[in-house]
Amino acid sequence: DAGVIQSPRHEVTEMGQEVTLRCKPISGHDYLFWYRQTMMRGLELLIYFNNNVPIDDSGMPEDRFSAKMPNASFSTLKIQPSEPRDSAVYFCASSPREYLGAEAFFGQGTRLTVV
Amino acid sequence: DAKTTQPPSMDCAEGRAANLPCNHSTISGNEYVYWYRQIHSQGPQYIIHGLKNNETNEMASLIITEDRKSSTLILPHATLRDTAVYYCIVRLPYNTDKLIFGTGTRLQVFP
């Protein structure tokens, strides 16, 4: 398996523009997580899905952020409108369903810069 | 989740064992200890986890004290590629229990 695949790897956009980050989880994994990493706040869990259903979005910073998982092999994180403070590295991770198989596999991340 | 405390940074000579401590004095009886690491510019990588017995895999060993209030991750022969931030996380072994990262320990392996 190629692992968790995120695209794009780098994104530079102007303030006010819509940004869409994409994630393809590992096949067969039932859980998908979106994290954000900044120097100031470290790694923060934004939202996670189980079987394509959002379970906990309490980490989503505000209404400008939305996430979807239309099928088991694809998820998006959208920011509209984007602001400079959204600049960060966004990671997607997936995890299998097994009881003790709680290890999560992370993608390489998308580095977002909002200017 | 129980909180964990880790030193912010550590150094280790290449080829020597790196011992990374973690305190988790409020851990509950059914919570596991997980270790992840993050090499610069990459996503976090799972290393190992355990409940109360010592664990070993191809990457590292995990030593958990008998009272489970602390643990140590051991990299037996550190290499330069082991330079990374290491996170100790305490949580239940279910995906519905969030994987929450603290500030971790920045391990620098030097030649």
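Refer to the structure presented above.
Remember, it's a predicted structure, so these values are computed and weren't measured experimentally.

Rules and cut-offs
- Residues numbered from 1 in each chain as written.
- Chains lettered and ligands numbered in written order.
- Predicted model: local features only at pLDDT ≥ 70, side-chain atom pairs only at ≥ 80, totals over all residues.
- Heavy atoms only, no water.
- Pairing = 2+ DSSP bridges.
- Helix = DSSP H or I, 4+ residues; strand = E, 2+ residues; numbered from the N terminus.
- Axes fitted to C-alpha atoms, helices over the stretch in contact; angles between N-to-C directions.

**Observations concerning the sheet that holds strand β7 (residues 65-71) of chain A**
Residues and elements named next belong to chain A. In space, the four strands of this open sheet follow the order β1-β3-β8-β7, with antiparallel pairing throughout. Strands at the two margins of the open sheet, each flanked by one partner only, are β1 (5-7) and β7. Between one strand axis and the next, the sheet turns through 15 degrees on average, direction left out of account. Bridging between β7 and strand β8 (residues 74-79) involves five bridges; their strand directions are antiparallel. Paired with Ser66 across the bridge in β8 is Lys78.

**So, unusual backbone geometry**
Residues apart from glycine generally show negative phi values, whereas peptide bonds are mostly found in trans. Residue and element names in this part refer to chain A. The omega torsion of the bond from Ser7 to Pro8 falls at -10 degrees, within 30 degrees of zero and hence cis. Relative to the helices and strands, Pro8 is located in the loop between β1 and β2 (10-13). The residue after Gln80, namely Pro81, is reached through a cis peptide bond having omega -5 degrees. Residue placement: Pro81 occurs in the loop between β8 and β9 (88-95).

Honestly, it's all geometry; don't read function into it.
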